[in-house]
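# Inside the fold
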Amino acid sequence: MLQIEWAEMHMPVVARFIRERFEREKPLKDVRVGATLHVTKETAALVRTLVAGGAEVRLAASNPLSTQDEVAAALARHDGVEVCAWRGMSEDEYFSCIRWVAEWEPNIVIDDGGDLHATLHKEYPDVAGRVWGGTEETTTGVIRLRAMEKEGVLRYPAIAVNDAKTKTMFDNRYGTGQSTIDGILRATNILLAGKIVVVAGYGWVGRGIANRARGMGARVIVTEVDPIKALEAVMDGFDVMPMMEAARRGDVFITATGNKKVIRREHIEVMKDGAILANAGHFNVEIWVPDLEEMAVSKRVIRPNVTEYRLPDGRRIYLLAEGRLVNLVAAEGHPSEVMDMSFANQALSVEYLVKNRGKLEPRLYMVPREVDEEVARLKLRALGIEIDRLTEEQKEYLSSWQL
């Protein structure tokens, strides 16, 4: 409970402003919310706010290694929330907990990565057809939902919480940027200053990681497949090159693409002795671990969350956190302050879906602009910051084509 209290102290938008209103208005009264999220102290703050709004909540993990067991226990013991999550789940256990949420027939689903959405549609289509709506926390999950919408199989309206400006620009950039570096340092205790750090992907997550690595004195290389993002990285002052070339130079590699096999056999074959591999993407597919396993002549855990793979020529490659999210496996995930905005979007999006039940088509929606802006206003209020407002004359000027 003390960890949750610490998080809530730094999450005034979710744990104070929104929760106080939810307690008064009960906008989620008797609504069943099924969620698969990283079970952290910040997630606990969101869940407690949903419960304050009248919701019944079932919570499962969105990653087998990211659960903070003491938080899961506190939610179950003190808040009466049904939780199916523990650190170190097998893949079968992980998916059994997701099925446990689906079989409950939730009215609203909250997902992080898309496994709950996918499981509902593949294994429980009748249940999916009765879901009022869903939300998605991360880029990977939004990509999956967009593919479902394109194929015409999405059975309920879903809100891309990840794409809200008050989520992507802050959580993905500042949150993942800081927490990824935190996870790498906790796992290895290496000095980043002077190291060559290769960041794969220059979306919001890659931007954040690259800038924070540079801020700690690293020399940063960016790899990209998108020419516009690659050009942006160049103009932000980073070296940009193909992964094959970067693989020969890098000391630390961090994947942040949302794709698979970003680092694979041909890259590992040319890496330096002692190269460190870490992943900041949602799934453990960006660093292709099967290649490492096949190439290695020996393998040992040299310290918590650091596995050494020795190659036939004697080179050693170090994989962090089994190739899973390094910030949540080796550290605590994003700082509470940034999750305050992300989970404020979640809470208000759930409320929006409940209020608009039956009015939305089964497709992917952006977070309503008014919700996004309300989150920003509440965060500024919490920070004690005031901003200007347009005068009526200025509004009229901006709405007219005439000077």
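This text goes with the structure placed above it.
Presented here is an overview of the structure given in this document. Treat the numbers as computed from the prediction; the structure is a model and nothing was measured. Each chain carries its own residue numbering, running from 1 in the direction its sequence is written. Given that the model is predicted, a residue must reach a pLDDT of at least 70 before its local features are reported, and side-chain atom pairs must reach 80 or more before they are shown or counted; all residues, however, enter totals for whole chains, interfaces and linings. The basis for every side-chain value is the complete set of non-hydrogen atoms in the structure, without hydrogens or water.

## Points about the overall build of the protein chain
Just so we agree on the cut-off: The helix and strand labels rest on DSSP assignments: H or I over at least four residues marks a helix, E over at least two residues marks a strand, and numbering proceeds from the N terminus. Radius of gyration: C-alpha atoms only; globule rule: 2.2 Å multiplied by the number of residues to the exponent 0.38. Any residue under 20% of the maximum accessible area for its type is buried, any over 50% is exposed, and the rest in between are partly exposed; the area is computed with a 1.4 Å probe on protein chains only. Working rule for contacts: check all heavy atoms of both residues, and any pair within 4.5 Å makes them a contact. Charge assignment in this entry is limited to Lys and Arg as positive and Asp and Glu as negative, and neither His nor the chain termini are counted. The location of each charge is read from NZ of Lys, CZ of Arg, CG of Asp or CD of Glu.
Within the protein chain, the regular secondary structure consists of 18 helices and 15 strands. By the compact-globule yardstick of 22 Å for 403 residues, the protein chain fits well, its C-alpha radius of gyration being 22 Å. Judged by the C-alpha coordinates and their principal axes, the protein chain covers about 65 × 60 × 45 Å. Put simply, the protein chain has 403 residues, and 56% of those count as buried. Counted over contacts in the protein chain with a minimum sequence separation of 6, partners at least 24 positions apart contribute 71%. In the protein chain, 53 positive and 60 negative side-chain charges are present, and the distance between their average locations comes to 2 Å.

## What to know about the packing of aromatic side chains
We describe a pair of aromatic rings using the distance from one ring centre to the other and the angle between the two ring planes. Inclusion rule: For Phe, Tyr and Trp, rings pair up if their centres lie within 6.5 Å, where Trp contributes its six-membered ring, and each pair is then called stacked (planes under 30 degrees apart), edge-to-face (over 60) or tilted (otherwise). By definition, being over a ring means that NZ of Lys or CZ of Arg is both within 6 Å of the ring centre and within 35 degrees of the ring normal.
Summed over the entire model, instances satisfying the criterion amount to three aromatic pairs. For the pair Tyr94 and Phe95, a centre-to-centre distance of 4.9 Å together with 70 degrees between the ring planes defines the contact as edge-to-face. Residue classification places Tyr94 among the buried positions, given a relative accessible area of 5%. When the centroid spacing of 5.9 Å and the interplanar angle of 65 degrees are considered together, the rings of Tyr202 and Phe238 count as edge-to-face. With Tyr202 in the loop between β7 (196-200) and α10 (204-215) and Phe238 in the loop between α11 (227-235) and β9 (239-240), the pair connects residues that are 36 residues apart, well separated along the chain. We note Arg32 situated over the ring of Trp104; from NZ or CZ to the ring centre the distance is 6.0 Å. Above the plane of the ring of Trp204 lies Arg207, whose end atom (NZ or CZ) is 4.4 Å from the centre.

## Considerations on the nonpolar core
Note the threshold: The term nonpolar core refers to a set of buried residues drawn from Ala, Val, Leu, Ile, Met, Phe, Trp, Tyr and Cys, joined through side-chain atoms within 4.5 Å.
Counting residues in hydrophobic clusters, the biggest one holds 67 residues, and the most contacted among them are Ile18, Leu28, Val33, Leu50, Leu59, Ile108 and Leu120. Among the elements that line this core, the one with the most residues is helix α16 (residues 336-355), at 10 residues. In this structure, Leu28 is in contact with Phe22, Leu50, Gly53, Gly54, Ala55, Val350, Glu351 and Val354, ignoring residues within four places of it in sequence.

## Digging into the pairing of strand β11 (residues 275-279)
What counts, and what does not: Two strands make a pair as long as DSSP finds a minimum of two bridges between them.
Most of β11 is tucked away, with five of its five residues classed as buried. As paired strands, strand β10 (residues 252-255) and β11 are joined by four bridges and run parallel to one another. Counted as the bridge partner of Ile254 is Ala278 from β11. Pairing of β11 with strand β14 (residues 316-320) involves three bridges; the strand directions are parallel. Bridged to Ala275 within β14 is Ile317.

## Observations concerning the side chain of Arg315
Stated precisely, the cut-off is as follows: Polar contact is defined as a pair of N or O atoms within 3.5 Å, subject to the rule that within protein one atom must be able to donate a hydrogen and the other to accept it, and that residues adjacent in sequence are counted only when both atoms are side-chain atoms.
Looking at the element boundaries, Arg315 is found in the loop between β13 (306-310) and β14. Within the structure, Arg315 has its side chain in polar contact with the side chain of Asp313 (distance 2.8 Å). Here Arg315 is in contact with Ile268, Glu269, Val270, Met271, Lys272, Asp273, Tyr309 and Arg310, once residues within four sequence places are set aside.

## Brief notes about the sheet that holds strand β1 (residues 32-37)
Note the following rule: Only the stretch in contact is used when fitting a helix axis, every axis being a line fitted to C-alpha atoms; angles between N-to-C directions are given from 0 to 180 degrees.
One open sheet holds the seven strands; their spatial order is β3-β2-β1-β4-β5-β6-β15, and the pairing between them is parallel. In the strand order of this sheet, the two ends are held by β3 (82-84) and β15 (364-366), each with one partner. Adjacent strand axes in the sheet meet at a mean angle of 20 degrees, parallel and antiparallel pairs treated alike. Alignment of strand β6 (residues 158-160) against β15, held across three bridges, turns out to be parallel. By the bridge assignment, Ala158 is partnered in β15 with Leu364. With respect to the sheet, α16 is in contact with β1, β4 (108-111), β5 (133-136) and β6, its orientation differing from that of β5 by roughly 160 degrees.

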